[in-house]
Amino acid sequence: MRLGSGTFAACCVVIEVLGVALFLRGFFPAAVRSSSRTEHQAEPPAPEPSTGASSNWTKLPPPLFSKVVIMLIDALRDDFVFGSKGVKFMPYTTYLVEKGASHSFVAEAKPPTVTMPRVKALMTGSLPGFIDVVRNLNSPALLEDNVITQAKAAGKRMIFYGDETWVKLFPQHFVEYDGTTSFFVSDYTEVDDNVTRHLDKVLKREDWDVLILHYLGLDHIGHISGPSSPLIGHKLSEMDNVLMKIHTSLLSEERENLSPNLLVLCGDHGMSETGSHGASSMEEVNTPLILISSAFERKPGDIRHPKHVQQTDLAATLAIGLGLPIPENSVGSLLFPSIEGRPVREQLRFLHLNAVQLSKLLQENVPSYKKEPGFEQFKMAERLHGNWIRLYLEENTSEVLFNLGTKVRRQYLDALRTLSLSLSRQVAQYDIYSMLVGTVMVLEVLTLLLLSIPQALSSKAELEIPLWSPVFSLLFYLMFLVLSALHVIVCTSAESSCYFCGLSWLTAGGVMVLISALLCAVVSALAKMFASGKLLSKNPAHPNSRWSELDVVILLGTMGHVLSLGASSFIEEEHQTWYFLVNTLCLALCHEIYRNCFLGDDCEPRRCSHRERGFVNTAPALQDGSIGHDELEPHRASKSPTSLNTLRGWEKWMAMASPWVILTCCRLLRSLNQTGVQWAHRPDLGHWLTSSDHKAELSVLAALSLIMIFALVQRRCSLTSKVAMALGLLGVYCYRAAIGNVLFPWQRDSKDISKGLIEARFVHVFVLGILFTGTKDLLKSQVIAADFTIKTVGLWEIYSGLVLLAALLFRPHNLPVLVFSLLIQTIMTKFIWKPLRHDAAEITVMHYWFGQAFFYFQGNSNNIATVDISAGFVGLDTYVEVPAVFLTAFATFAGPVLWASHLVSFLSSETSSGSALSHACFCYALICSFPVSAYIILVTSLRYHLFIWSVFSPKLLYEGMHILITAAICVFFTAMDQTNTKS
């Protein structure tokens, strides 16, 4: 069976997407925890230890508080409460922290620092998996044992107002609730007003035991304008007033009922310096946790500094405070200050219950649990506790009882600390079988792509796939039987759950058929290679061709980048790698241009009397019937005379200066956004522009950038698209002015701030109109095959529509990134790619490199916190999942997508060779498969690394998204290639 190299590459990438998805499913297992306590009768609590006497305390202790109010402020950083902002904007909270009846903590949240995993950690005490980052978009019901489920089973009446994530996690648990969407980040007023409006009524009622409030406004302000925004102070003052209202109401109720209540102020995660979250910086993981109750008496002069604890400690503390069993999967330890005012026997009872729960969890997860220091400390504390109980029941009130009680308490606290730390460090239960199957698929695809280079990059751009030969069939059936046998053995002997084993036999069999077919294709390609004795060369059609300096740079750069993924520091600062590569590429291009300008064609190893390039300059050669099709390929067999000598005057000087202009543009872009980890905190031009003091400068820059975008894009658009582009870019500025990012010349301030819905939708209409016009031209080119101009205009209009969409989604200070991207593409098209007549493979790699560099020029990194969530809600007045996810993904990967789109447009318009797009598709698939395949192997080998969750896992998610986008790009390449073929 014969396939075009583009179609073959697209199929390979689609298969690779399936392999990566299976690997991710194994690496990020979404296993359902045991829910035995909710489905069956609750286990009786561990009895109080005793020695020589029987204890009468075998039940759970009574609740410590009659009512509990949890006030969770999304993205509340610790310095917002304990720092200067807290003193200035939260005076009542500051008073409670410094002089009131409260205990303050800095709670550390483990990555990923997004809402749903953090809510799970707060209520279950367990460490959620990193895959919850993805599941955060649509939270399923929580089946794991948790405080909310325990409270409902105990008959507690619970009310909730706020983020609807709670309603999804705990359906039918609340007697009353009012959920608000957490993803519509443009709203930071109504989303909190909808919570506060219930307080006056609910605080006067007596028909509830637990009240949970989740405020989202602070998080939304962070996403929109960052932690330095003046809106942050106003929101903190608003939250301080809400806290004062709740606390005052609880105090007045306590005077009537004479029983203490508990008010908990906490955050689910923090906020980075850019206003986002999801990673592991100090600003994102450190959150305040304040327990406020009249039971926490404070003597005058008693200074309590915030202690550092784990966020998972709250679940055990709430369970004890409400008289509930501690969630069975909790790895947290009881916050002892919350019970230090109770009698010693009660203190030891609470600590013992927590220690028993942690020791059981340790026994279930660690085979050699008896050798663990925490377990030994627990057993020692339990024996001492039994001795203390014996003395206590004998009514011994001597100093011996007091000293022993102090020792037991200290022993329990040490045991809890050690047990909690040991359980927190337990490595995740990886689904190795699913990971292995996915890895095999990815490696088979990469191997097949490498072995197919000679055929795929030939002038015909076709491959022979021997699917029906007898040898292939025999090997195929043999491999299928072996894999089926292995599947049965693994699935029947696996002790833990396995995703791949849980698939239906039809689905699993299909995967094994695919693996067998890929393996047979690899074997067949190897056999052909060894039979023909051909080795890989720069140009398979001309084995004697010499590698140029640019080819060496591309090869070494690609391999160097792949090797750099094995180090956590290089992953954190991957932008530096791409900045170095594009700078090196510019220097190599400079060398090539100067050599051709000053040395001429004498420096070339071979000369040809005809042009072998696929550019429009080959049109005269095409009229010569003596020139065969095999010679009209977009690859250099030997370089033809360059067209640099055809440039005259300023054009030749511009060609010589173009690499230095590109280097200057890249250097300016590096100063715009500091990214990565080590230097992300340093001030940059973007921070300076986004500060409220420089709104006028930002407005001028945004306006000039939009004018430049129009000037660079409109040159090849139709008249209709030019008008739509101009109005669309005007709408972009109006949208940013409406939401207060920029100013009109007649504005002095931005008091009249709105959501900009009308302006954004106005731009969306023009984006869709331009895309529709381009698509119509492409379809029209199928009918009028002779009119090549229609197709090139259509492709450019599709590209222009994507540029307009990027201009709408980019923040105003990032518009220069789009301008420089268009400027570099224009310079390289006119003064580098055309004059030097680079082949399709080299042009594809250059587009890929610059696309990756512009991903980081936008301010992105391998850190989830740099994803701009607000871009997904431009033009939306409510959360709609599909468009929100699409807009967010496009805004994040705009750099690679725009450069890939420009590649299709360039090759379609500037080449007459039918194989150029096929070669480009194949090269794009190959260069994208290299890092993905290598990274999967590296992550598998480093899965026990210290930074596996904070550094390597986010990068793995980015690679998964990248290969998915690559598949979409390759499908687009193939569709355009088919259009060329039909034309």
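Everything below is about the structure shown above.
First, a word on scope: everything that follows refers to the structure included in this document. Every value quoted in this text rests on a predicted model; they were computed, and no experiment measured them. (Residues numbered from 1 in each chain as written. Predicted model: local features only at pLDDT ≥ 70, side-chain atom pairs only at ≥ 80, totals over all residues. Heavy atoms only, no water.)

1. A short note on the overall build of the protein chain
Part 1 of the reasoning: Along its length, the protein chain carries 39 helices and 10 strands.
Part 2 of the reasoning: Expressed as a percentage of its 983 residues, the buried residues of the protein chain come to 58%.
Part 3 of the reasoning: For the protein chain, the proportion of contacts with a sequence separation of at least 24, taken over those separated by at least 6, is 78%. (Helix = DSSP H or I, 4+ residues; strand = E, 2+ residues; numbered from the N terminus. Buried < 20%, exposed > 50% of the residue type's maximum accessible area, 1.4 Å probe, protein only. Contact = heavy atoms within 4.5 Å.)

2. Looking at the state of the cysteines
Part 1 of the reasoning: Taken as a whole and judged by the stated rule, the model has one disulfide.
Part 2 of the reasoning: Put simply, C491 and C501 are joined by a disulfide, and their sulfur atoms are 2.1 Å apart. Residues C491 and C501 are joined by a disulfide whose S-S torsion is about -85°; by sign, that bridge is left-handed. Of this pair, C491 sits in helix 21 (residues 470–493) while C501 sits in helix 22 (residues 499–502), and the two are 10 residues apart along the sequence.
Part 3 of the reasoning: Owing to a relative accessible area of 22%, C501 belongs among the partly exposed residues under this scheme.
Part 4 of the reasoning: Free cysteine: C11, not disulfide-bonded; nearest cysteine sulfur from C12 at 7.0 Å. (Disulfide = S-S within 2.5 Å.)

3. Concerning the packing of aromatic side chains
Part 1 of the reasoning: By the definition in use, this model includes 27 aromatic pairs.
Part 2 of the reasoning: Look at F855 and Y958: their rings are 6.0 Å apart centre to centre, the planes differ by 80°, and that puts the pair in the edge-to-face class. Linking F855 in helix 35 (residues 840–857) with Y958 in helix 39 (residues 948–982), this pair joins segments that are 103 residues apart in sequence.
Part 3 of the reasoning: Members of the aromatic cluster, joined through ring pairs, are W578, Y848, W849, Y924 and F973.
Part 4 of the reasoning: Over the face of the ring belonging to W208 we find K67, whose NZ or CZ atom lies 4.2 Å from the ring centre. (Phe/Tyr/Trp six-rings, centres within 6.5 Å; stacked < 30°, edge-to-face > 60°. Lys NZ or Arg CZ within 6 Å of the ring centre and 35° of its normal.)

4. Considering the sheet that holds strand 4 (residues 158–163)
Part 1 of the reasoning: Pairing is mixed in the open sheet, where eight strands are placed in the order 5-4-6-2-7-8-3-9. Each of the sheet's edge strands pairs with one partner strand only, and the pair in question is strand 5 (176–180) and strand 9 (307–310). Sheet twist, expressed as the mean angle between neighbouring strand axes with direction ignored, is 15°.
Part 2 of the reasoning: Here five bridges tie strand 4 to strand 5, and the two strands are oriented parallel to one another. When the sheet's bridge partners are listed, D163 is paired in strand 5 with T180. (Pairing = 2+ DSSP bridges. Axes fitted to C-alpha atoms, helices over the stretch in contact; angles between N-to-C directions.)

5. Describing unusual backbone geometry
Note: most peptide bonds trans; most residues except glycine with negative phi.
Part 1 of the reasoning: Here the phi dihedral of A75 falls at roughly 65°; this positive angle occurs in a residue that is not glycine.
Part 2 of the reasoning: Note on placement: A75 falls in the loop between strand 2 (68–73) and helix 3 (78–82).
Part 3 of the reasoning: One non-glycine residue, R837, lies in positive phi territory at about 50°.
Part 4 of the reasoning: Mapped onto the elements of the fold, R837 is located in the loop between helix 34 (815–836) and helix 35.

6. Concerning helix 19 (residues 432–451)
In an α-helix, one full turn covers 3.6 residues, which means residues spaced three or four apart are oriented alike.
Part 1 of the reasoning: When the terminal C-alpha atoms of helix 19 are compared, their 28 Å separation across 20 residues agrees well with the 28 Å that a helix rising 1.5 Å per residue should span.
Part 2 of the reasoning: Among the 20 residues in helix 19, 14 count as buried, and that is most of the element. (Expected span 1.5 Å × (residues − 1).)

7. Side note on the pairing of strand 2
Part 1 of the reasoning: Counting buried positions along strand 2 gives six out of six residues, so the element sits mostly inside the fold.
Part 2 of the reasoning: Here strand 2 shows a buried face lined by V68, I70 and L72 and a second buried face lined by V69, M71 and I73.
Part 3 of the reasoning: With five bridges connecting them, strand 2 and strand 7 (residues 262–266) associate as parallel partners. Bridge pairing links L72 to C266 in strand 7.

8. Concerning the nonpolar core
Part 1 of the reasoning: Formed by 172 residues in total, the largest nonpolar core has its most connected members in I709 and F850.
Part 2 of the reasoning: Looking at this core element by element, the count peaks at 16 residues for helix 38 (residues 916–941).
Part 3 of the reasoning: Sequence-distant contacts of F850, defined by excluding residues within four places in its chain, comprise V582, L585, C586, I662, C666, I824, M828 and W899.
Part 4 of the reasoning: Core analysis: the next-biggest nonpolar cluster, separate from the first, contains 71 residues, F65, L122, I148 and V366 among them. (Core = buried A, V, L, I, M, F, W, Y, C linked by side-chain atoms within 4.5 Å.)

9. Quick word on the pattern of salt bridges
Part 1 of the reasoning: A complete count under the given rule lists 20 salt bridges for this structure.
Part 2 of the reasoning: In this structure, K168 and E164 form a salt bridge, with 3.8 Å as the shortest nitrogen-oxygen distance.
Part 3 of the reasoning: Look at E164 and you get partly exposed, because its relative accessible area is 24%.
Part 4 of the reasoning: A salt bridge links K235 to D192; the shortest N-O distance between them is 2.8 Å. In this pair, K235 sits in helix 13 (residues 230–257) while D192 sits in helix 10 (residues 190–196), placing the two residues 43 residues apart along the sequence.
Part 5 of the reasoning: Judged by its relative accessible area of 4%, K235 falls in the buried class.
Part 6 of the reasoning: Given a relative accessible area of 0%, D192 falls into the buried group.
Part 7 of the reasoning: Connected via shared salt-bridge partners are K67, E206 and E253. (Salt bridge = Lys/Arg side-chain N within 4 Å of Asp/Glu carboxyl O.)

10. A word on the environment of I936
Part 1 of the reasoning: Relative to the elements of secondary structure, I936 occurs in helix 38.
Part 2 of the reasoning: Residue I936 is classed as buried on the basis of its relative accessible area of 2%.
Part 3 of the reasoning: For the pair formed by I936 and M435, sequence separation is 501 residues and the distance between their alpha carbons is 9.0 Å.

11. A few points about helix 12 (residues 217–225)
Part 1 of the reasoning: The buried count for helix 12 comes to seven of nine residues, which makes it a mostly enclosed element.
Part 2 of the reasoning: Of all the positions in helix 12, only G217, L218, D219, H220, I221, G222 and H223 are classed as buried.
Part 3 of the reasoning: Contacts made by the buried residues of helix 12 are with strand 2, helix 3, helix 10, strand 6 (210–215) and helix 13.
Part 4 of the reasoning: Where helix 12 ends, the next residue or the one after it, G226, has phi of about 90°, a positive value.

12. Quick notes on the packing of helix 26 (residues 574–598) against helix 35
Two packed helices can be described by the angle between their axes and the distance between those axes.
Part 1 of the reasoning: Following both chains from N to C, one finds helix 26 and helix 35 inclined at 140°, their axes separated by 9 Å at the closest point. In this view, helix 26 runs oblique relative to helix 35, as classed from their interaxial angle. Like other packed secondary-structure pairs, helix 26 and helix 35 cross with a definite hand, here left-handed. Contact residues: helix 26 offers E574, H575, W578, Y579, L581, V582, L585, C586 and L589, while helix 35 offers M846, Y848, W849, F850, Q852, A853, Y856 and F857.
Part 2 of the reasoning: Residues that form the contact of helix 26 with helix 35 fall into these classes: 14 nonpolar, two polar and one charged. (Parallel < 35°, antiparallel > 145°, perpendicular 65-115°, else oblique. Left-handed = near helix turned anticlockwise from the far one by under 90°. Nonpolar A, V, L, I, M, F, W, Y, C, P; charged D, E, K, R; others polar.)

13. Side note on the side chain of N261
Part 1 of the reasoning: Turning to its location among the elements, N261 is positioned in the loop between helix 13 and strand 7.
Part 2 of the reasoning: A residue is classified by how much of its surface remains accessible, and N261, at 2% relative accessible area, is buried.
Part 3 of the reasoning: Of note is the side chain of N261, whose polar atom sits 3.2 Å from the backbone nitrogen of K67.
Part 4 of the reasoning: Not counting residues within four places of it along the chain, the set of residues in contact with N261 comprises F65, S66, K67, L250, E253, E254, I292, S293 and S294. (Polar contact = N/O pair within 3.5 Å; in protein donor to acceptor, adjacent residues only side chain to side chain.)

14. Describing the pairing of strand 8 (residues 286–292)
Part 1 of the reasoning: In terms of residue burial, strand 8 counts as a mostly covered element, since seven of its seven residues are buried.
Part 2 of the reasoning: Judged by which residues are buried, strand 8 turns out to be covered on both faces: N286, P288, I290 and I292 on one side and T287, L289 and L291 on the other are all buried.
Part 3 of the reasoning: As paired elements, strand 3 (residues 102–108) and strand 8 share seven bridges and run antiparallel to each other. Bridge pairing in strand 8 links F105 to L289.
Part 4 of the reasoning: The pairing of strand 7 with strand 8 spans four bridges and is classified as antiparallel. Among the inter-strand pairings, C266 is bridged to a residue of strand 8, identified as L289.

15. A short note on the packing of helix 24 (residues 549–564) against helix 35
Part 1 of the reasoning: Across the interface, helix 24 lies against helix 35 with an axial gap of 11 Å and an inter-helix angle of 45°. In terms of orientation, helix 24 lies oblique with respect to helix 35. Like other packed secondary-structure pairs, helix 24 and helix 35 cross with a definite hand, here left-handed. Along the contact surface, helix 24 presents L550, D551, V553, I554, G557 and T558, while helix 35 presents E842, V845, M846 and W849.
Part 2 of the reasoning: A class-by-class count of the residues in the contact of helix 24 with helix 35 yields six nonpolar, two polar and two charged.

16. Concerning the environment of T248
Part 1 of the reasoning: Summarising the element assignment, T248 is placed in helix 13.
Part 2 of the reasoning: For T248, a relative accessible area of 43% corresponds to the partly exposed category.
Part 3 of the reasoning: A polar contact of 2.7 Å, which involves the side chain of T248, links it to the backbone oxygen of M244.

So far we have only geometry, and geometry alone does not tell us how the molecule works.
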